[in-house]
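Notes for the structure review
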Amino acid sequence: MSTTATRIIEWDAGHRVYKHEGKCAHIHGHRYRAEITAQAELDDIGRVIDFGVLKERVGGWIDTHWDHGMLLSASDHLVQTWGRLGHKCFLLPNNPTAENIATFIGEQVAPECLEGTGVNIVAVRVWETPNCYADWRTE
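Parameters and conventions
Residues numbered from 1 in each chain as written. Predicted model: local features only at pLDDT ≥ 70, side-chain atom pairs only at ≥ 80, totals over all residues. Heavy atoms only, no water. Phe/Tyr/Trp six-rings, centres within 6.5 Å; stacked < 30°, edge-to-face > 60°. Bend = angle between axes of the 7 residues up to and from the residue. Helix = DSSP H or I, 4+ residues; strand = E, 2+ residues; numbered from the N terminus. Buried < 20%, exposed > 50% of the residue type's maximum accessible area, 1.4 Å probe, protein only. Pairing = 2+ DSSP bridges. Polar contact = N/O pair within 3.5 Å; in protein donor to acceptor, adjacent residues only side chain to side chain. Contact = heavy atoms within 4.5 Å. Core = buried A, V, L, I, M, F, W, Y, C linked by side-chain atoms within 4.5 Å. Expected span 1.5 Å × (residues − 1). Salt bridge = Lys/Arg side-chain N within 4 Å of Asp/Glu carboxyl O.

1. Structural notes on the packing of aromatic side chains
- Here the structure, examined in full by the defined rule, presents nine aromatic pairs.
- An aromatic cluster of three or more residues is present, and its members are Trp11, Tyr32, Trp61, Trp66, Phe90 and Phe104.

2. Quick word on helix α3 (residues 98-113)
- Approximately 40 degrees is the largest bend angle found in α3, and it occurs at Ile105.
- Those residues of α3 that sit buried are Ala98, Ile101, Ala102, Phe104, Ile105, Gly106, Val109, Ala110 and Cys113.

3. Description of the pairing of strand β1 (residues 3-15)
- Bridging between β1 and strand β2 (residues 28-40) involves 13 bridges; their strand directions are antiparallel. Bridging across to β2, Arg7 finds its partner in Ile36.
- Bridging between β1 and strand β3 (residues 69-73) involves three bridges; their strand directions are parallel. Within β3, the position partnered with Ala13 by the bridge is Gly69.

4. Regarding the side chain of His15
- The residue His15 is located in strand β1 in this model.
- There is a polar contact of 2.7 Å between the side chain of His15 and the backbone oxygen of Pro96.
- With near-sequence residues (within four places) excluded, His15 lies in contact with His26, Ile27, His28, His30, Tyr32, Met70, Leu71, Pro96 and Glu128.

5. Some thoughts on the nonpolar core
- With 34 residues, the main nonpolar core has Trp11, Val58, Trp66, Ile101, Ile105 and Val126 as its most contacted residues.
- When contributions to this core are tallied by element, the ones reaching two or more residues are β1, β2, α1 (51-65), β4 (89-92), α3, β5 (120-129) and β6 (132-137).
- The element best represented in this core is α3, accounting for eight residues.
- Setting aside chain neighbours within four positions, we find Trp66 in contact with Trp11, Asp12, Ala13, Trp61, Leu71, Lys88, Phe90, Leu92, Ile101, Phe104 and Ile105.
- Residues Met70, Leu72, Val79 and Trp82 belong to the second largest nonpolar core, which totals five residues.

6. Some thoughts on α1
- An ideal rise of 1.5 Å per residue puts 21 Å on 15 residues; α1 measures up with 21 Å between its terminal C-alpha atoms.
- At Gly59, α1 is bent by approximately 30 degrees, the largest bend along its length.
- Looking at α1, one finds that the buried residues are Leu54, Val58, Gly59, Trp61 and Ile62.
- Where α1 begins, one side-chain oxygen reaches toward the backbone nitrogen of Gly52, 2.6 Å away; that side chain belongs to Asp50.

7. Some details on the pattern of salt bridges
- Within this structure, the stated rule accounts for nine salt bridges.
- Residue Arg33 pairs with Glu10 through a salt bridge whose shortest N-O separation is 3.2 Å. Linking Arg33 in strand β2 with Glu10 in strand β1, this pair joins segments that are 23 residues apart in sequence.
- On the basis of relative accessibility, which here comes to 39%, the residue Glu10 falls in the partly exposed class.
- In this structure, the salt-bridge partner of Asp76 is Arg16, at a minimum N-O distance of 2.8 Å. Here the residue Asp76 occupies a position in the loop between β3 and α2 (78-85), and Arg16 occupies one in the loop between β1 and β2, the gap between them amounting to 60 residues.
- The buried category is assigned to Arg16, whose relative accessible area is 14%.

Below, the structure written as structure tokens:
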């Protein structure tokens, strides 16, 4: 039997959805909220993982790479212009949709940041607005 623990991490960032058919093709920003769920056997204290570790490691990565920056697809032609401006920018392999951001956190960021802790990330929910979110889960 195993238990889960979830930490909420929030950040502000700009993005655009390259080749979107509507207004999301334009640069705009969001107050993102990620719910990161870890799973493991309880430790001797009765925790999956200390919530502070999730905040420090995963939240620290997000703060360094995404907070108050621009999230763009690596294939977006805006990348060259944005880079010349000298602003903080992170290139995702896909469009920076809530779905792709959740997947990137679940498959790349969290496992890298939590290596050696003995926990597995089993779900990530990314809220793009107060009304819209996307989920990534392990199978």
